[in-house]
Amino acid sequence: MRFRLAHLSDAHIGPIPRPNLAELLGKRVTGYVNWLYKRGAQHDMGVLARIVADIKAQAPDHVVMTGDIVNIGLPAEIALAKDWLGSLGRPDDVSFTPGNHDAYVASVTELVHDVFAPWTSGEAQGARFPYLRRRGGVALIGLDSGVPTAPFVASGRLGEEQCEALAALLDAAKAEGLARVVCLHHPPHVGGARLLRGLEDAAAFEGVIARHGAELIVHGHNHKPSLHRLPGPDAAAPVVGVASASARPGGHYPGAAYNLYEIERQDEGLNILLRRRGLNDAGEMIELESVEL
């Protein structure tokens, strides 16, 4: 079994369609001002288009996008983001998990779930998250860490129900001999993000992995590459973060990049090669890093 998985995150599709006054009530006011005077200059849709073109040139078997596809949760933004996500590939070939910007205000959380349902449809009945998608010897398990928060707060939460369901899916996938890849927006380990930006129940997630294991965990949110490992019952699970897929090179955060995984089952076990591709400071698309996980 050899499976090629592309992972990108934090597209922050823009520019934000001009909101009306009613849409700027509450948290959206600060978010819109932030976009106009800061974030809008950091995220470039031309850069994002180059990342997508390079992903397609690598011909992955599947693509996963781990959230912050929009900025302040306007319905008009969500419609644009749906079109963009559709440009990555068929819903059977692309998976999505929401981020905190996709749950920017409570009133659009269900709209996001409904609009992106084709990319989150799993194989089990019941709650939409976590979902399980079997693809070529790999179990893609998607979690929803996006919850509405107060202004200037960007934390996430899974909740007890998702954690319990995740444990069951991990066990079932292991029994089938599948390589288990867990996908979510927030870094799921304790200390994985700054104060008011992390996963509130990261300790509970760590406990699930310690008892049930996983072969790979991927996330976004921090807009920079990272590698952490969580103890599991048989082996440590690599936890890999990815840069924003639309970040201009030379800015506050690393330039746009995505992660490409070669997952291969061999007689002696599972091999995972991480290839990080993106833009260097000169704006050239290159392979930035290659790591055996």
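Just so it is clear, the model here is predicted, and its values are computed rather than measured.

Explain the overall build of the protein to me, and be specific about the residues and the numbers.
When helices and strands are tallied, the protein shows six helices and twelve strands. For 293 residues, the compact-globule estimate of 2.2 N^0.38 gives 19 Å, and the protein sits close to it at 18 Å. Expressed along its principal axes, the backbone C-alpha trace of the protein runs to roughly 60 × 45 × 35 Å. A buried classification covers 54% of the 293 residues belonging to the protein.

If you had to explain the pairing of strand E11 (residues 269-279) to someone new, which residues and values would you point to?
Two strands pair when backbone bridges link them, and strand E10 (residues 257-266) and E11 are joined in this way by ten bridges, in the antiparallel orientation. Within the sheet, the bridge partner assigned to Asn259 lies in E11 and is Arg276. What sits between the antiparallel neighbours E10 and E11 is a turn of two residues. Between E11 and strand E12 (residues 285-292), which follow one another and run antiparallel, lie five residues, and Gly283 among them has a positive phi close to 80°.

I'd like a description of the packing of aromatic side chains, backed by residues and values.
A complete count under the given rule lists three aromatic pairs for this structure. Pairing Phe96 with Phe116 gives two aromatic rings, centres 4.8 Å apart and planes at 40°, and the pair type is tilted. Within this pair, whereas Phe96 is found in strand E3 (residues 94-96), its partner Phe116 is found in the loop between helix H4 (106-115) and strand E4 (131-135), the two being separated by 20 residues in sequence. Phe116 carries the same exposure label as Phe96, and that label is buried. Ring geometry for Phe129 and Tyr131: centres 5.7 Å apart, planes at 50°, overall tilted. Put simply, the rings of Phe96, Phe116 and Trp119 pair up and form one aromatic cluster. We note Lys27 situated over the ring of Tyr104; from NZ or CZ to the ring centre the distance is 4.6 Å.

With reference to specific residues and values, describe the nonpolar core.
Ranked by size, the top nonpolar core spans 38 residues in total, and within it Leu8, Met65, Ile69, Trp84, Leu85, Leu88 and Phe116 carry the most contacts. Counting only elements with at least two residues in this core, the list comes to strand E1 (2-8), helix H1 (28-42), helix H2 (45-57), strand E2 (62-65), helix H3 (75-88), E3, H4 and E10. Other than its neighbours up to four places away in sequence, Leu88 contacts Leu8, Val52, Lys56, Val63 and Val94. Ranked by size, the runner-up nonpolar core spans 24 residues in total, among them Ile141, Leu158, Val182 and Leu230.

Pulling in residues and values, what's your account of the sheet that holds E12?
In space, the six strands of this open sheet follow the order E3-E2-E1-E10-E11-E12, with mixed pairing throughout. Each edge of the sheet is formed by a strand with only one pairing partner; in this case those strands are E3 and E12. Adjacent strand axes in the sheet meet at a mean angle of 20° when their direction is disregarded. Where E1 and E10 come together, six bridges link them in antiparallel fashion. If you follow Phe3 over to E10, its bridge partner there is Ile263.

Go over a nonpolar patch on the surface, please, and point to the residues and values.
On the surface, Val29, Val33, Leu36 and Tyr37 cluster together to form a nonpolar patch covering roughly 420 Å² of accessible area. Note that Leu36 resides in helix H1.

Scoring rules and cut-offs
- Residues numbered from 1 in each chain as written.
- Predicted model: local features only at pLDDT ≥ 70, side-chain atom pairs only at ≥ 80, totals over all residues.
- Heavy atoms only, no water.
- Helix = DSSP H or I, 4+ residues; strand = E, 2+ residues; numbered from the N terminus.
- Rg over C-alpha atoms; globule rule 2.2 N^0.38 Å.
- Buried < 20%, exposed > 50% of the residue type's maximum accessible area, 1.4 Å probe, protein only.
- Pairing = 2+ DSSP bridges.
- Phe/Tyr/Trp six-rings, centres within 6.5 Å; stacked < 30°, edge-to-face > 60°.
- Lys NZ or Arg CZ within 6 Å of the ring centre and 35° of its normal.
- Core = buried A, V, L, I, M, F, W, Y, C linked by side-chain atoms within 4.5 Å.
- Contact = heavy atoms within 4.5 Å.
- Axes fitted to C-alpha atoms, helices over the stretch in contact; angles between N-to-C directions.
- Patch = residues over 30% accessible without salt bridge, like charges linked within 9 Å, V, L, I, M, F, W, Y side chains within 5 Å.
- Areas by Shrake-Rupley, 256 points an atom, 1.4 Å probe, with all protein chains shown as cover.
- Salt bridge = Lys/Arg side-chain N within 4 Å of Asp/Glu carboxyl O.

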